[in-house]
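Topology and contacts: notes
In case you want the letters, here they are:
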Amino acid sequence: MDETLTSRDVINNKMRGILDEATDPWGIKVNRVEVKNIIPPDAIKEAMEKQMRAERERREAILIAEGKKQSAILVAEGQKQSAILSAEAQKQSVILAAEAQKEAAIKKAEGEAAAIKAVQDAKAAGIRMVREAGADEAVIRLRSLEALEKVADGQSTKLILPSDLSTLAGIVSTLKEAAK
């Protein structure tokens, strides 16, 4: 029946050929034959409707399945991209944190080095000033006595004496001279 409905031109040509053969002896020429309407039996109509319904349902099922497949693919690709971007961001974050930590350590070390250098420069300048002031042995002994005094002033129960007693005697004689 599908072929009958879709091949009307072929049917028209065959019918015209058959009619021409039958009408040629009478001198009649048939130029055109057209099938206008084909009315199939009800059973065939029902079968054709079932077939068309089944075909539509099949196409619908295929379209739904393809839609679900595309949706799943797009969701998976989105999750993949999200995971990749998240991993790259985490990697970049770790790198930046490490670089910041490195810079902080460098700056801290540079600061400590500058502080140590400043202290040493100040000590060197103090020693230079003492030399330029022409400090003699008496000033140095007096300073060492002041240092011993500070040590003895503490809460310690220990007594600190110079390693050689001649230095102690020198300090005492320096004090006598300073007192005069």
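Residues numbered from 1 in each chain as written. Predicted model: local features only at pLDDT ≥ 70, side-chain atom pairs only at ≥ 80, totals over all residues. Heavy atoms only, no water.

1. Overview of the overall build of the protein chain
Counted only if it meets this: Secondary structure follows DSSP: runs of H or I at least 4 residues long count as helices, runs of E at least 2 residues long count as strands, and numbering of each begins at the N terminus. Working definition: with a 1.4 Å probe on protein chains only, accessible area under 20% of the residue-type maximum means buried, over 50% means exposed, and in between means partly exposed. Note on definitions: a residue-residue contact is assigned when non-hydrogen atoms from the two residues lie within 4.5 Å. Only the protein chains shown count as cover for residues, and all accessible areas are computed by the Shrake-Rupley method using a 1.4 Å probe.
Within the protein chain one finds five helices and zero strands. Along the chain direction, N to C, the helices and strands of the protein chain fall in the order α-α-α-α-α. For the protein chain, buried positions account for 7% of its 180 residues. The long-range fraction of contacts in the protein chain, counting pairs at least 24 apart against all pairs at least 6 apart in sequence, stands at 51%. Counting every atom, the protein chain has about 15500 Å² of accessible surface; 58% of that belongs to carbon and sulfur.

2. Looking at the pattern of salt bridges
Here is the rule: Within this document, salt bridges are pairs made up of a side-chain nitrogen of Lys or Arg and a carboxyl oxygen of Asp or Glu, the two lying within 4 Å of each other.
Enumeration according to the criterion identifies five salt bridges in this entry. E55 is the salt-bridge partner of R58, the closest N and O atoms lying 2.5 Å from each other. Residue R58 and its partner E55 are both found in helix α3 (residues 42-132); the two are separated by three residues, about one turn of the helix. For E55, a relative accessible area of 32% gives the class partly exposed. The salt bridge partner of D121 is K117, with a shortest N-O separation of 3.1 Å. One end of the pair, D121, and the other, K117, are both in helix α3, four residues apart, so they sit about a helical turn from each other. On the accessibility criterion, D121 (39% relative accessible area) is partly exposed. Residue K117 is classed as exposed on the basis of its relative accessible area, which comes to 52%. Sharing partners across several salt bridges, the network here consists of E55, R58 and R59.

3. Focus: the confidence of the model for the protein chain
Detail in the predicted coordinates should be disregarded across regions flagged by low pLDDT. So the rule is basically this: pLDDT: the predictor's confidence for each residue, scored from 0 to 100.
When pLDDT is averaged along the protein chain, the result is 83, and 81% of the positions lie at 70 or above. For the protein chain, per-element mean pLDDT is lowest for helix α1 (residues 2-6), which scores 63, and highest for α3, which scores 93.

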